[in-house]
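# Chain and residue survey
Residues per chain are reported as follows:
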Amino acid sequence: MASALSRTKSIDRLLAEASATGEGTLKRTLGPWSLVALGIGAIIGAGLFVRTAAAIADRAGPSVTLAFIVAGIGCAFAGLCYAEFASMIPVAGSAYTYSYATMGEFMAWIIGWDLVLEYAVGAATVAIAWSEYFNRVLGWFGMRIPYAWTHSPFESAGGEQGMMNIPAVFILLLLSLLLIRGTRESAFVNSLIVVLKVSIVLLVIGLGWGYINPANHSPLIPDAALYTTPQGVTHAYGGIMGILGAAGVVFFAYIGFDAVSTAAQEAKNPSRDMPIGILGSLVICTVLYILFAYVLSGLAPVADFRNPTLGREASVAYAITTYMPGYAWLSNAVTVAILAGFSSVILVMLLGQSRVFYSMSHDGLVPKVFSEIHPKYRTPYKSNLLFFVFTALFAAFIPGDVVGEMTSIGTLFAFILVCLGVWMMRNRRPDIPRGFKVPALPVVAILGVITCGAMIYGLGWTNWMRLAGWLVVGMFIYFGYSIKHSKLNNER
């Protein structure tokens, strides 16, 4: 049993799989700009436009800017480690594949199962945010989907009770079908959306800077206290714990640069292009995030972000409409850009999820259906459809705050394992060619583990329990199915 849990997949075998071509393999169509755009497309979205408001309201107030810096530092360490792995092992599967080569099959399964929290549950989180803004657009034309059909059964406001989030299910279905059509087509649509939403973010920063109210930034770090949300969940607010908790929340905003690594088998020159895609998208978004958070927290007071009928939902558009007179057009443009931006985030997350399970299926750890390729489009179409059903259930029936924090803690755990894995691989196989090397290893890896661990600590015990419960379910699946069907096990 112990040997089964610790068996690793050889680097030579991984590289052979990466170089395979022809029928039944993924198509190499992505260049460096497409990969940078893929990263930005996944990064700028619900994390920035929705989770920022939640972090301001529940955790940090104006110190959310510092929270973005903490989260950015953690991502920088992890991003460097991802870049080395992606240039060394250009195979679909991201952290799952890297763990299989370094830590053994059991840890690879844990990380693969954990990545479902990042990609599938993350896509559901963004779909919920998309629904909020879609309803706002309908309001321009005198239409509105009732509260009951845009919120989960666990949400209520103004005497109305949620039932099911139908718009969230709709956008997940639409984008799942686009992914089935092809990666190149999906990447082209994503690139157009990236140009649009980066332009809008720059407009909000540039025009909103002159409307910052200094009173909203005073004090920059609120005194440490406790805050209970309308759902009855108590968080540390203000002080260092508030900043760490907010960093864990807004960390969701950075999720996406690692999704670039899931497309390694669809990159034209992965050893060169993967580090460019990962680090380029991360640097661009970190700068934009810090500036955006400073402007947004300065436009409106914390009380507005806490009010579910004011700034809690569609917070950016609300802040512009209320505190930037004469810029109603910008509020409308932001809403449209956000809708498009959310769509690109969902697209990349669904792509990442299907590629992780594509690799796991090839290894026998999940059923073969997840790696079956469409005969015409050469995409894992059955996997896309199955994950549509899974994400739709989360988006339709679970509140956005819950799934958002589940996504953050799952991703932080994955990043810790990647930081440890690159350190282990440098010691075990220094002979493997690397298109990019992490500088100052193991210092960078250790700092990445510490920073991500601190953000996990800041997310609180409720999220620790959710992660533990999720991993327990994964262990039942591994010992009930995966360990028996593993290709490495059957070969031996």
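Because the structure is a prediction, the values reported are computed rather than measured.

### Thoughts on the pattern of salt bridges
- Per the stated rule, a full pass over the model turns up four salt bridges.
- A salt bridge links arginine 426 to glutamate 84; its shortest N-O distance comes to 2.7 Å. Pair noted here: arginine 426 is in helix H16 (residues 400–428) and glutamate 84 is in helix H5 (residues 64–88), with a separation of 342 residues, a long-range link.
- A residue is classified by how much of its surface remains accessible, and glutamate 84, at 0% relative accessible area, is buried.
- Measuring nitrogen to oxygen at the nearest pair gives 2.8 Å for the salt bridge that ties arginine 434 to glutamate 84. With arginine 434 in the loop between H16 and helix H17 (443–458) and glutamate 84 in helix H5, this pair connects stretches of sequence that are 350 residues apart. Glutamate 84 carries the same exposure label as arginine 434, and that label is buried.

### Side note on the state of the cysteines
- This structure, assessed with the given rule, holds zero disulfides.
- Note on cysteine 75: no disulfide assigned, nearest cysteine sulfur contributed by cysteine 452 at a separation of 6.8 Å.
- The exposure class of cysteine 75 is buried, given its relative accessible area of 0%.
- Of all cysteine sulfurs in the structure, the one in cysteine 419 sits closest to cysteine 452, which takes part in no disulfide; the separation is 5.7 Å.

### Describing the environment of phenylalanine 49
- Its location among the elements puts phenylalanine 49 in helix H4 (residues 46–60).
- Taking relative accessible area as the criterion, phenylalanine 49 reaches 2% and is therefore assigned buried.
- Between the C-alpha atom of phenylalanine 49 and that of phenylalanine 292, which follows or precedes it by 243 residues, the distance is 9.4 Å.
- Discounting chain neighbours no more than four positions away, the residues touching phenylalanine 49 are Ile44, Tyr133, Val201, Phe292, Ser315, Val316, Ile338 and Phe342.

### A short note on the packing of aromatic side chains
- Across all of its chains, the model carries 25 aromatic pairs by this definition.
- Between phenylalanine 390 and phenylalanine 394 the ring centres are 5.0 Å apart and the planes differ by 50°, which places this aromatic pair in the tilted class. Of this pair, phenylalanine 390 and phenylalanine 394 both sit in helix H15 (residues 381–397), four residues apart, which is roughly one turn of that helix.
- The class for phenylalanine 394 is buried, based on a relative accessible area of 16%.
- These aromatic residues form a ring-pair network of at least three members: Phe106, Trp109, Trp113, Phe357, Phe370, Phe387, Phe390, Phe394, Trp470, Tyr478 and Phe479.
- Stacked on the ring of tyrosine 227, the Lys or Arg arginine 306 has its end atom at 3.9 Å from the ring centre.
- Between arginine 306 and the ring centre of tyrosine 237, over which it is positioned, the NZ or CZ distance is 4.7 Å.

Analysis parameters
Residues numbered from 1 in each chain as written. Predicted model: local features only at pLDDT ≥ 70, side-chain atom pairs only at ≥ 80, totals over all residues. Heavy atoms only, no water. Salt bridge = Lys/Arg side-chain N within 4 Å of Asp/Glu carboxyl O. Helix = DSSP H or I, 4+ residues; strand = E, 2+ residues; numbered from the N terminus. Buried < 20%, exposed > 50% of the residue type's maximum accessible area, 1.4 Å probe, protein only. Disulfide = S-S within 2.5 Å. Contact = heavy atoms within 4.5 Å. Phe/Tyr/Trp six-rings, centres within 6.5 Å; stacked < 30°, edge-to-face > 60°. Lys NZ or Arg CZ within 6 Å of the ring centre and 35° of its normal.

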